[in-house]
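Fold and contact review
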Amino acid sequence: QVQLVESGGGLVQPGGSLRLSCAASGVIFRLTAMAWYRQAPGKQRELVAVIKSSGTTTYADFVKGRFAISRDNAKNTVDLQMNSLKPEDTAVHYCNAGAYYGATFRALPNWGQGTQITVSS
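This one's a predicted model, so the numbers in the text were calculated from it and none came from an experiment.

Quick look at the sheet that holds strand E8 (residues 77–82)
Strand order in the open sheet formed by four strands is E1-E3-E8-E7, with antiparallel pairing between adjacent strands. One side of each edge strand has no neighbouring strand; the edge strands of this open sheet are strand E1 (3–7) and strand E7 (67–72). On average, each strand axis in the sheet is inclined to that of its neighbour by 15°, with strand direction left out of account. Examined bridge by bridge, strand E3 (residues 18–25) and E8 share six bridges and lie antiparallel to one another. Residue Ala23 lies in a different strand from E8, and its bridge partner there is Thr77.

Let's talk about the nonpolar core
Counting residues in each nonpolar core, the largest one holds 25 residues, and the members touching the most others are Met34, Trp36, Val78, Leu80 and Met82. Secondary structure elements with two or more residues in this core: E3, strand E4 (33–39), strand E5 (46–51), E7, E8, strand E9 (91–101) and strand E11 (115–119). In terms of residue count, the dominant contributor to this core is E3 (four residues). Excluding residues within four positions of it along the chain, Met34 makes contact with Leu4, Ala24, Phe29, Ala49, Val50, Ile51, Ile69, Arg71, Val78, Asn96 and Ala97. Counting residues in each nonpolar core, the second largest holds five residues, with Ala33, Ala35, Tyr37 and Val50 among its members.

Quick notes on the side chain of Arg38
Its place among the elements puts Arg38 in strand E4. Overall, the relative accessible area of 7% leaves Arg38 in the buried class. Among the polar contacts listed, one links the side chain of Arg38 to the side chain of Asp89, at a separation of 2.8 Å.

Things to note about the packing of aromatic side chains
Summed over all chains, the structure comprises three aromatic pairs. Taking the centre distance of 5.9 Å and the plane angle of 80° together, the rings of Tyr94 and Trp111 count as edge-to-face. Taken together, the residues Tyr94 in strand E9 and Trp111 in the loop between strand E10 (104–107) and E11 connect sequence positions 17 residues apart. Where Tyr100 meets Phe105, the ring centres are 5.3 Å apart and the plane angle is 70°; that geometry is what we call edge-to-face. Members of the aromatic cluster, each reached through a chain of ring pairs, are Tyr37, Tyr94 and Trp111. Sitting over the ring of Tyr94, Arg45 keeps its end group 4.6 Å from the ring centre. Over the face of the ring belonging to Phe29 we find Arg71, whose NZ or CZ atom lies 4.6 Å from the ring centre.

Parameters at a glance
- For every chain, the first residue of its written sequence is number 1, and the numbers climb from 1 along that sequence.
- Residues qualify for local features only when their pLDDT is at least 70, as the model is predicted, and side-chain atom pairs are given and counted only at 80 or more; totals for whole chains, interfaces and linings, by contrast, use all residues.
- Derived side-chain values reflect all non-hydrogen atoms in the structure, with water molecules and hydrogen atoms excluded from consideration.
- Strands were regarded as paired on the criterion that DSSP finds at least two bridges between them.
- Numbering of helices and strands runs from the N terminus; a helix is a DSSP stretch of H or I covering at least four residues, while a strand is a stretch of E covering at least two.
- Helix axes use the C-alpha atoms of the stretch in contact, all axes being lines fitted to C-alpha atoms, and the angles between their N-to-C directions lie in the range 0 to 180 degrees.
- Residue types Ala, Val, Leu, Ile, Met, Phe, Trp, Tyr and Cys, when buried and joined through side-chain atoms within 4.5 Å, form a set referred to as a nonpolar core.
- Only protein chains enter the accessibility calculation, which uses a 1.4 Å probe; a residue is then buried when its area is under 20% of its type maximum, exposed when over 50%, and partly exposed in between.
- In this description, contact between two residues means that some pair of their heavy atoms is separated by no more than 4.5 Å.
- Counting of polar contacts relies on pairs of N or O atoms within 3.5 Å, with two restrictions inside protein: one atom must be capable of donating a hydrogen and the other of accepting it, and residues adjacent in sequence are counted only when both atoms are side-chain atoms.
- Within 6.5 Å between ring centres, the rings of Phe, Tyr and Trp (the latter by its six-membered ring) count as paired, and their orientation is classed by plane angle as stacked under 30 degrees, edge-to-face over 60, tilted in between.
- By definition, being over a ring means that NZ of Lys or CZ of Arg is both within 6 Å of the ring centre and within 35 degrees of the ring normal.

This is the structure:
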């Protein structure tokens, strides 16, 4: 069973930057695609970025050019560098392992506690 621990959240002003980190265990990390999701109050959880075991990355349109996902297979961690943050980026951010089924990325059913990002002046 995968275990996920997210960290790095906080309060940041619009235009600022944050770097999130996620430590994963219970999976063969180097062979597993990893992703970051977010859930804003009153909204469904949505996919932000994916990084395959090959290192190939995919981003949601609303973060393209601002966010960068990366992984360290030696440490079993996946990071999300977030730049040019906007108030609409305010959400709890989660990481998870998963796989692509055709063009659709599906995360494992277990989730960590997430880390809160608040973008406000």
